[in-house]
Amino acid sequence: MKAAGRIYVNTDLPADLVARLDQLKEAKGASSRAPIIEEALRFYIENARGHEMKNP
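The structure contained in this document is the topic of the report that follows.

Thresholds applied
- Residues numbered from 1 in each chain as written.
- Predicted model: local features only at pLDDT ≥ 70, side-chain atom pairs only at ≥ 80, totals over all residues.
- Heavy atoms only, no water.
- Helix = DSSP H or I, 4+ residues; strand = E, 2+ residues; numbered from the N terminus.
- Buried < 20%, exposed > 50% of the residue type's maximum accessible area, 1.4 Å probe, protein only.
- Areas by Shrake-Rupley, 256 points an atom, 1.4 Å probe, with all protein chains shown as cover.
- Contact = heavy atoms within 4.5 Å.
- 1 Å grid on protein atoms, 1.4 Å probe; cavity = no way out; pocket = protein on both sides within 12 Å on 5 of 7 lines; lining within 4 Å.
- Points joined across faces, edges and corners; volume = space filled by probe spheres on them.
- Nonpolar A, V, L, I, M, F, W, Y, C, P; charged D, E, K, R; others polar.
- Expected span 1.5 Å × (residues − 1).
- Salt bridge = Lys/Arg side-chain N within 4 Å of Asp/Glu carboxyl O.

Focus: the overall build of the protein chain
Next, step 1: Helix and strand counts for the protein chain stand at two helices and zero strands.
Next, step 2: Across the 56 residues that make up the protein chain, the buried fraction comes to 5%.
Next, step 3: Looking at the protein chain as shown, the accessible area adds up to about 5,400 Å², and 58% of this sits on carbon and sulfur atoms.

Below, the structure written as structure tokens:
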């Protein structure tokens, strides 16, 4: 069951990227890949937003 306000997303990723993701998951003690992907996506979006504001 999904938590309120959340949407399930499914995608294909290169095997090497998933391997690195799994290394991060283990290092952080995360129970799944989801929190690692969420953190990375938030970081990417915030970083992209910063670049957009500097270079409109």
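Notes on the environment of Lys 25
Next, step 1: Along the polypeptide, Lys 25 turns up in helix H1 (residues 15-28).
Next, step 2: Aside from chain neighbours lying at most four places away, what touches Lys 25 is Ala 30, Ser 31, Ser 32, Arg 33 and Ile 36.

Digging into the layout of surface pockets
Next, step 1: Put simply, the largest pocket is a space of about 1,000 Å³.
Next, step 2: What lines the largest pocket is a set of 26 residues, and nearest its centre among them are Arg 33, Ala 34, Ile 36, Ile 37 and Glu 38.
Next, step 3: Those elements that provide at least two residues to the lining of the largest pocket are H1 and helix H2 (34-54).
Next, step 4: Of the residues contributing to the lining of the largest pocket, the split by class is 16 nonpolar, two polar and eight charged.

A few points about H1
Next, step 1: With 14 residues, H1 extends 20 Å from end C-alpha to end C-alpha; this agrees with the ideal 20 Å at 1.5 Å per step.
Next, step 2: Positioned one or two residues after H1, Gly 29 has a phi angle of 70 degrees, which is positive.

Notes on the pattern of salt bridges
Next, step 1: For the structure shown, the criterion picks out six salt bridges.
Next, step 2: The closest approach of N and O atoms between Arg 6 and Glu 38, which form a salt bridge, is 2.7 Å. Here the residue Arg 6 occupies a position in the segment before H1, and Glu 38 occupies one in helix H2, the gap between them amounting to 32 residues.
Next, step 3: Of the residues examined, Arg 6 reaches a relative accessible area of 46% and is grouped as partly exposed.
Next, step 4: What makes Glu 38 partly exposed here is its relative accessible area of 27%.
Next, step 5: For Glu 26, the salt bridge is made with Lys 25, and the minimal N-O distance between the two is 3.6 Å.
Next, step 6: One salt-bridge network, in which partners are shared between bridges, spans Arg 6, Glu 38 and Arg 42.

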